[in-house]
Each structure stands twice: as C-alpha cells, then as structure tokens.
Amino acid sequence: MDKEVRKVIENENKKQPLTDDDIARKLNISRDKVKDIREKNKISNSRDRLKPYIYSDAKKILETSPEISHRKLMEKLNESGYDVSRHVALKLMQELLNGNVLTKTNVAHPKNDARNDGNAAQKDVVSQFEEEEEATDSGIMQSSFEQVVGYDGSLKLHIRQAQAATLYPPKGLHTLIIGPSGVGKSQLAEAMHKFAVTTDNFSPDAPLVIFNCADYADNPQLLLSQLFGHLKGAFTGAEKEKIGIVEHANGGVLFLDEIHRLPSEGQEILFSILDRGVYKKLGEAELIRKASLMIIGATTENPGSALLVTFRRRIPMVIELPPLKKRLLSERYRLIKLFFKGEAKKINKDIIVDKDVIGMLLQYECPGNIGQLRSDIQVSCARGLLNTMIEKSDVLQIKISDLANHVRIDMLNKKTRDPEVLQYIEKNLWFGVNDLVTWQQDERYVLSDRIYQFIEGRLKKLEQEGLKPEEINLVMGREIETEFENLAQNFNDRTDITKLELKNLVGTNITRSIERCFNIARNYYPELQQNFYYTLAIHMGATYERIGQGKTILNPHMAKIKEDYPNEFKVATILAEVINTDLEIKLPEGEIGFIAMYIKTFLDKRPEKLSKVGVVVLTHGKVGKAMADVANKLLNTNHAVGLEMLLTESPKKALEKAISEIKKVDEGKGCVLLVDMGSLTTFGEIITKETGIPVRVIDRVDTVMVLEVIRRAAISESTLDDVVASITKDTVKNETIRLNQCEYSDRPSAIVSICITGEGSAEKMRDYVKNVINKMGKNIEVFSIGVISPIDIDIEIQRIMNKYNVLCFVGTINPEYSEIPYISMENILNEDGLHRLNGIISGTQSIAKDIRDIIHDDFVLLDVEYKDKNDALDQMVGILQKNSYVDQEFLLGVYKREAILPTFLKGNVAIPHGYPQNVIKPVAMIAKLKNPIEWHENRNVDLIFLIAYKNNSKKYFKDFYKEIMNPEILEMIRNAESKEEVKKLIVNHI
C-alpha cells in the first residue's frame, strides 16, 4: 500500500494536491492509514506540497504586474490551474508585497522577522488554505464528526457541544439530544461514540448500545427488564436471570432513543446511575451493581413536559438539533447528493438527476426532515427504475414525474422561488456507481469515454454469443463507424463551446496538445471541421485517464481502418507522436486508429437532409410520450414525438397541441398520427383541412407499432401511404397484446424457463425441464425466454399465456406473476424442487381455504378516484402504513417490484405488492375505481388488489389469487354496492 500511496501523490496535480481524505477515498482505505504511510515515507501534507508552487507563481505574477488587484490575481492563478478564493489571493498579495518577499528575499531583517521572513509569510498565508480543513488536520476529532452533514456549518456549535460532553471526565457528560423527527439525532449519537473511543475517557473497544424505548412503551415491566435485567423469579415468566443493556453498555455509551417513552419508574431508576453509577436488577432489594457509562438520550418531545423535572436536572448537556428548513441550503444540497449516491450504489446503476428535480428537493416543505428527504429520494429512484426497466437503459434518469406527489404539489403551491437555489441547478447531476458525485456533462460533452464503453460492452456481448474474432470484427466494423457518425452529429454546428470550458473539462496540457494537432492536421486537410478539435480533446481526456489507470484500449476495427483510410492513418500517426511528447504517454496503435476515424468523420461532407414522413404519438396520459422515447432510444433516433393529453384536458386543447407539433415535424411528406382511442382518432381529417398537411391516423397504438412506423418513416423513399400501408390491420392485431382475452379455456399446459443472462441459458434449462417432464410421461410444452434479449419479457410471457395455461416459471429470475408459481434454478436441480415441480404438474399442491383473516371492511375502497398509478400506490400504502400493517419501507418495495415487472393481470386488474420483510400484519386491500387509470403501456385497470404478506402467510393468498383471476367474480365486484358485498364475494366462493 505504501507504493500505491506514493504513486498517487507523485501523479497528483501539483497545483491542486490531494488531501489525505482524497487519497483515502481514491484507494478505498482509511484516512489514518494514509497519514501513517505519508509520515513514514516523510511526505508532506497537501498544503506543504502546495506552498512552493503557489508562492512561486504568485510571485511571478506580482513581479510582472505589481498593481494587479487581488481579484485579478485570483483569476490568473485559477487560469494556471489553482483553485483559490479571492480571500486567499488577497492574503497572498498582502504577505508577498507587505513582507517585501518580492524585492528583499536575500536580505535578513532580524528585528522585523514577521515582516520580512519569507517563510513566515508563507506560513501565514497558507493558514488561509487551512480554514476549511482545520478540523481535518486536527485528526480524529474531525473525522469522527465529518459524517454529520453540517458539522462545519450550521451544526458547528452543536458538534462542539457534543465534543465537549464526550471529553468531560471520567465518562463524559450525560447528554440529551432534542429535535423533531428525522433531524439526525441517532447519527449524532453514533458520531459521539466514534469520537469517544479515541479519547482517554473510553477504551478503543468501548461499546455503543442502542435501545429504543418506544419498542417496549406498552409494557413497562418488560422495558425495565430489558434496561436493567432481572433476577430469576422476579416476575411471572422470569425463569432465569437476565442481563440488561445497562450492563452490556458498561464502559461505553448507552443511546436511549425516544427516551420520553421511558415510564416514570424507569426514569427514577436511572437516577442512581446518573448520580452514583449504581443500579439494581428487577427483583433485587439493594443498589449493588455498578455501571460506568455515558448516557445519550434522544427525544422529539418537549423535555419540559415529557420528562420528569428531577430527571432533566440530572442531564447537564442538552443539544437541540434544528429542523431541515432551518439548515443551510448548501447542506441540504449535500444531503441530496449523499442520498442519491447511496441509491446508485444500492441499485448498482448510474443515476442522472434532472436539475429541476434537484430544485424541487431543495425547496419543498419536508416536515419529516432528513429522514423524509431520504425516503422521498428512495421513492423517486424506485419510480425511475421502473422507467429504466421499460426502456432497458443502463442509466437511471430521475425526472420530476418520478417525485412523490406531495413534493410536486407542494412546489405548485409555492408563490415564489428561492433565488439561492439557482446556483445549485445549473446542470443535471450524475451519480456513478463507483465514483464520487460529478456534474453531468452537457450534451456536447457526452463523448468522454463513450467509444471505449461502447466497444467493451459490445465486444463482451458478441463473445458471449460465441462469435469468432473475425466475425466480431466484421460485425463491429460498421457499428464503430456508426458510433463515430453519431458523435460527429452531436458536435455538428456547435459554436458555443469555449476553449476555457474545454480546458476546465480536460486540463490545460491536453487542450494545448490537441490544438497543436489540429493545426498540423489542417495542413494536410484544410477542410477539416473545427469540431475535430473539441471532439478529439474530450476523447483524449478519457484516453489519458485510461492509460493512467492501466486500462486496455481495444479497437477491433484496426485492420479496416488501415486498409480503407491509409492517408488518415498516416496523419493520425504524426498527431500521436505530438501527443506522446506533450503528455509523456505512449498511445497504442488502437488509439491511433481512433484518431484516424475522427479525421475521417470530420472530413465527411454531410449530404443534404432528405425529407421523411413525420411521426407523432398522442395518447391519454403519459404513455404516448414514453412509447416514443423508448422507440427513439431503441432505434437511436429522435424521429418520433410523443404528446400527452391530460385526463382533465378537453379534446380541443389536445387538437391544438397536435396541430402545433405536426407543423413542426412536417418535412413536406405529411405525418402519421398514432393515437390510443376515443376522440383522438378523428383528428387526422381535421388537421389536414386546417393545415393542408396530409395526416393519417392509426389507433390502438403500442410500442411495437411505434417502432415499425419509425423504421418505415426513416426511409427517405417512403411516402405517407407506404408507411400507413405497412401497418396493416392484421399486423396491428398480431403485435398488440390483449391480456383480457386470456380465458380459462381448455388450453394446453406449458412451463416457461427464464434466465437473466440470455436465451442460451434459458434454453439449457428448458431442455433439462423437458427431460424431467418426459420421464414423468407428461406432454407439456416448455418455452425459454432470455431477459437480455431483443423481445420484451413481459410481451413474450403474455404471448405464451394467450395460447397456453402456464403452470409455473423456472430459471434464474422470478417474473413475479402472483398467480403462477416460480421454482429457482437452484431448487429445480435438487430433489425438493423436482418434488414441487411434480406437484404442480400433477395438480396435487395443497391449497389453504381460509382467507378471512386478510380481508377487512376498512380496507375495501369503493368508487375511489386516483389521478394515476403513483397516486393510487401512495394513497393505498399510506392507509396500510397509518394502520400499522406495513412499515415505511413497504412503499419503496412496491415501486421496486413494479420496476421489475408491472403487476397488470387479465381482466383489467392490478396486484401490486411489496416485500414480506416490510409487512407487520398480512392484509389484502381492495380498491374499486370510479374511473380506470393507466397501469402499464396503455393498459388500464379499474380494480386494484394491494397485497401485503409475510413469509409465513403466503398460504392465505393462494385462494385469494384464484378468486380474483375469475372473470365472473371480478364483474360482480365491479357491480358491488357495499364493502360487505365485496368481501362476501371473495370469501363465500372459496
């Protein structure tokens, strides 16, 4: 590890040296470890390493321009690669000029050391750099509390109180932390313990015992037993002696959360510990036990009314944490970044958060404080994950529509916006799975590392498919050229990128080198476009980083590049030598091939754009826009435009939208208008009469249809009639999924094998299951589906279910069809799994008959109105949570499961459900909607069955599923007029 630390420091930016914390994060080791290695190797800290560079450069600037302002000095220093504030620049100027360091560096003035000693001047000015890291360099104290956002800001005083309380001998001062729910009381207590074990008051292994008094508030005797322990026979049921948590916490810290729930007798028993460090177990007559510990209590209540006066007086330190709305906006911003970064790691996906989302999260009323902020961010990620699954995207994009309803509603009610927020919402935020938080680059900068990621991902996939190297090169050849063409299109006609922006993005050295390369290349190719310079600079920034990290650079297109573009390759070789010299690196041949590709790409004369048939998707709700977005991404285009007709919007307003958009997209060939239903089907003739633009309407749109229309319309030779003719009525019928037609007829039976890695694994599992079935003498069809395949898994399953009675799913991923059992690959390969499969096929699985325990009148909702799917889930889960049937994490689980596969079933029914670990009591909630809502891809539901089951309660739901899959029962529920009638319909049919 010594070698790695030295290497990181050797390669650091000398003008912005890395702190010990920076190095620790980079190498994934502790800060203390970095400090030990640095000191052992006699390496200075970051500020000392910075001193000679910044003093030398500042001195040169002041010698040349002695009248320069400190603001200008700051700008010049930052332009040369430093990162200093005006305050630091002012101190530099004062120390260097007033101390005569510039003109008298070789003259000693022993009578005026502070004025003329250059070292003293350096020491004074560098202290300004230390202001933000003063706590860091004080070592353990700061590192113990730095996890608390605001430790150096609005909570600075509170942290000092916590430090003072912990340092007070012999075992710290007993402390009470007060504040509303979610402000971070528990986190502060944990930080105090982390700090405590570094002091002389506590041993390094001093325990932290956390106890929530609310867990036992309804049973005072049990609560006191948990706290202090009891003797055998102390009360009925006390069959043996028990050790209490006070004894477990001896020598350390005892954190009593919700201490106001401690009964008065419990508070009184604590008197003896607070006063003299002694206590007694339940059943003991005398105070004979000793405890030396620090007690930290936390409460959301007013201590004056919630705690005994005599108890409050015994706690000398009270720390009152402020609510989130009274914290600095910069701290709320840091919390938002911290939580999104945590979610990125949790779901193992990069997350892009729209700047407008950041703005809302910074400003909305958040009565639950930090805890609610975290929960709302988790919900937004769960909703965003649903869209990611639908679009099969590797990156999760959080948009305003993904925020919880109360966040959006609160922002709509705000009359003014906080101007301070503007500085935090200039750009979207990108949270990498393994990276620190970074700004999402502007669309003009999306190139960085993209070529490498594209090649690595595509190469891996083709290798997994079993292609030979020569076949891979053939396949990827054209794909790489297409990718370069797309990159060139991104940069085409860009005039708003400044060299200063480019320098800030990739560094001064790279921009200077690429500028030299551009001038050289222009000598060979005068027509080379200006954007070659910007594109190659950004690409080289990624290349330089990869080479520094020792990553391989692959270019499977090399042979074709040399053969097809020999002149470009020769020029690229010349440019590579310049780059190698300037950046002190060695570009591999594959990288020279990329440079040749950039030259070729930016030499191309783009043909005049040929007109195409326009495509507009208009639906009730947001599904049309979603289908257009998905289709555009799959086909790598932006040809289709999606429009939303609000449920509260008049057809006239929707028509105006359609006319406006069709005027924009029409290129002279007319437009195809894809709609879902209703009055939208009549828009074509009206628009044609009003605008003169030929418009053809195709109804009952779905994503497959949008894909086909875009493909046809993208062909410049296609006419409007050609595109419409290609989407025949039969094709539409074949491609549209009709879940409602899945009847309980005498369909043949089938088993579906599903594997996440692809169809190859699924086929192997299919063959295995087929062999088992043949041995049983059964004639059952077995289908295989790969999750990573061109066909949507949900569509493929529904196609099978339209023709077959699916008995079960087997494989490596559960598609979560509530009415169909699933057997994992691990189970199917052993005796238990085979026995279960045999039971499913033979129809001998036992079925529980009692579901009365899970259906309650209070959870049967009739003729309710919801705005959309999210509104329904939020309100229904809210009712269960309020009645203590599920915990606060249940809603997040529901959204996660919906992201994996929306729970849309035949009969216009939805069965959303969360995770068993978040269920307190099993229950089935039934909602009959007044108006249908869209659940998934233009599929509406008017009945919602929200399921909350524990691991040991699944038996309750088997018959329940059977009933709600019966079309007759569903129709009777729709016609029911009372809660009791709905309940009887399900219970009495068992």
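This text goes with the structure placed above it.
This one's a predicted model, so the numbers in the text were calculated from it and none came from an experiment. (Residues numbered from 1 in each chain as written. Predicted model: local features only at pLDDT ≥ 70, side-chain atom pairs only at ≥ 80, totals over all residues. Heavy atoms only, no water.)

(A) Representation of the sheet that holds strand β17 (residues 695-698) in the model. Pairing is parallel across the open sheet formed by 4 strands, whose spatial order is β15-β14-β16-β17. Each edge of the open sheet carries a strand with a single partner, namely β15 (640-645) and β17. The average undirected angle you get between the axes of adjacent strands in this sheet is 20°. Bridge count for strand β16 (residues 671-675) against β17 is 4 bridges, and the pairing is parallel. By the bridge assignment, Cys671 is partnered in β17 with Val695. Along the sheet, helix α31 (residues 651-665) contacts β14 (614-620), β15, β16 and β17; its crossing angle with β15, the most-contacted strand, is approximately 165°. Packing against the sheet, helix α32 (residues 683-691) makes contact with β14, β16 and β17, and its axis sits at approximately 170° to β17. (Pairing = 2+ DSSP bridges. Helix = DSSP H or I, 4+ residues; strand = E, 2+ residues; numbered from the N terminus. Axes fitted to C-alpha atoms, helices over the stretch in contact; angles between N-to-C directions. Contact = heavy atoms within 4.5 Å.)

(B) Representation of the pattern of salt bridges. Enumeration according to the criterion identifies 21 salt bridges in this entry. For the salt bridge of Asp629 with Lys625, the shortest nitrogen-to-oxygen distance reads 3.4 Å. With Asp629 and Lys625 both in helix α30 (residues 623-634) and 4 residues apart, the pair spans about one turn of that helix. Residue classification places Lys625 among the partly exposed residues on the basis of a relative accessible area of 40%. In this structure, Asp767 engages Arg766 in a salt bridge whose closest nitrogen and oxygen atoms are separated by 3.3 Å. According to the relative accessible area criterion, Arg766 is partly exposed, its value standing at 25%. Three or more residues are tied together by salt bridges with common partners; here these are Glu241, Lys281, Glu284 and Arg289. (Salt bridge = Lys/Arg side-chain N within 4 Å of Asp/Glu carboxyl O. Buried < 20%, exposed > 50% of the residue type's maximum accessible area, 1.4 Å probe, protein only.)

(C) Structural context of helix α28 (residues 566-583). Its 18 residues place the ends of α28 25 Å apart at the C-alpha level, agreeing with the 26 Å of an ideal helix rising 1.5 Å per residue. Along α28, the positions that sit buried rather than exposed are Glu568, Phe569, Val571, Ala572, Leu575, Ala576, Val578, Ile579, Asn580 and Leu583. Residues of α28 that are buried make contact with α25 (508-524), α26 (531-548), α27 (558-564) and α29 (589-601). Directly after α28, the chain includes Glu584, whose backbone phi takes a positive value near 55°. (Expected span 1.5 Å × (residues − 1).)

By themselves, these are just geometric observations and shouldn't be taken as functional.
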